[in-house]
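Reading the structure
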Amino acid sequence: MNRDGLCEVLLQVPRVLVLGGTTEGIELAARLAARSDLVTISSLAGRVGQPRLPDGLVRIGGFGGLDGLLSYLEKEKIAVVIDATHPFAARISRNAEIACSRLGLPFVGLLRPAWTKSEKDIWHDVPDVLSAAQFVDKAEARVFLSIGRQELHIFSDCKDAWYLIRAIDAPAERLPLHHKIVLQRGPFDLERELQLLRDHSIDFVVSKNSGGAATYTKIEAARLLGIPVVMINRPAKHTLSSVASVEEAITALDDVLRLHWRD
């Protein structure tokens, strides 16, 4: 079959765009890519140098805002959008909702549950990263900063505390005056997290409430060592109701396909 013939066949089945970059996005893509009744395209933001590539078709890079996303959805004849992005990736989620509304496309939001505080946790909830920076920048405080790279610059004016910064790729952003960088990719073992916090005499752990299992061991380690966690609350992500698991997302997708892709 030539290229034009293959393209014609692919357009005869619904094309599903998975906005991914998460563990759930990878699992969802693997499940959907094995099906012959649809074509799955995963979109990754491209913020990590060597991302884990999901099964199926993959595109890497931003869309260029709402207008770029609208253009892509129309050009690629996308039938359904599933948003499986990170709980803190609010901008792409809002753009995806708006784009789907304008084009009349079904939208499925997949948002894993947030972590919840146990009786033995010492949490200080803050609304955003700036509030976290202001909370921990204290003289002689030693802070484990585990929030990814994108908002490290918010800590760049911090001059009192010392920061252990963990990221997957080396940060290019401006950093706090006193810091050390460790480059690691999760998931992380509990014993390893305990040793990390002990070795660096950490006084505070700063974390986004990302949910999921991949980085939860740092929260467990802080609990066991009695270290306070400055927990950054999630932004508003979806205006529509969302599902909490890959299984629920697949069920929602199948419901949509039955309604909109009848023989």
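Structure: above.
Notes on the structure follow.

How each quantity is defined
- Residues numbered from 1 in each chain as written.
- Predicted model: local features only at pLDDT ≥ 70, side-chain atom pairs only at ≥ 80, totals over all residues.
- Heavy atoms only, no water.
- Pairing = 2+ DSSP bridges.
- Helix = DSSP H or I, 4+ residues; strand = E, 2+ residues; numbered from the N terminus.
- Axes fitted to C-alpha atoms, helices over the stretch in contact; angles between N-to-C directions.
- Polar contact = N/O pair within 3.5 Å; in protein donor to acceptor, adjacent residues only side chain to side chain.
- Contact = heavy atoms within 4.5 Å.
- Parallel < 35°, antiparallel > 145°, perpendicular 65-115°, else oblique.
- Left-handed = near helix turned anticlockwise from the far one by under 90°.
- Nonpolar A, V, L, I, M, F, W, Y, C, P; charged D, E, K, R; others polar.

The parallel open sheet is built from 6 strands, whose spatial order is 6-11-10-7-8-9. Edge strands, defined here as strands with exactly one partner in the open sheet, are strand 6 (123-126) and strand 9 (178-183). Put simply, the sheet's adjacent strands are angled 20° from each other on average, direction ignored. Two elements, strand 10 (residues 204-208) and strand 11 (residues 229-232), share 4 bridges in a ladder whose sense is parallel. Its bridge partner lying in strand 11, Lys-208 is registered against Ile-232.

Further remarks concern the side chain of Lys-208. Its location among the elements puts Lys-208 in strand 10. Polar side-chain contacts of Lys-208 include one of 2.7 Å to the side chain of Glu-151. What Lys-208 contacts, discounting residues up to four positions off in sequence, is Phe-88, Trp-115, Val-129, Ser-146, Ile-147, Glu-151, Met-231 and Ile-232.

Let us now look at the packing of helix 3 (residues 65-75) against helix 4 (residues 90-103). Here helix 3 crosses helix 4 at 50°, and the two axes come no closer than 9 Å. Regarding the angle of helix 3 to helix 4, the classification is oblique. As helix 3 runs across helix 4, the sense of the crossing is right-handed. In this structure, helix 3 contributes Gly-65, Leu-66, Leu-69, Leu-70, Leu-73 and Glu-74 to the contact, and helix 4 contributes Ile-92, Asn-95, Ala-96, Ile-98, Ala-99, Arg-102 and Leu-103. Of the residues that constitute the contact of helix 3 with helix 4, the class distribution is 9 nonpolar, 2 polar and 2 charged.

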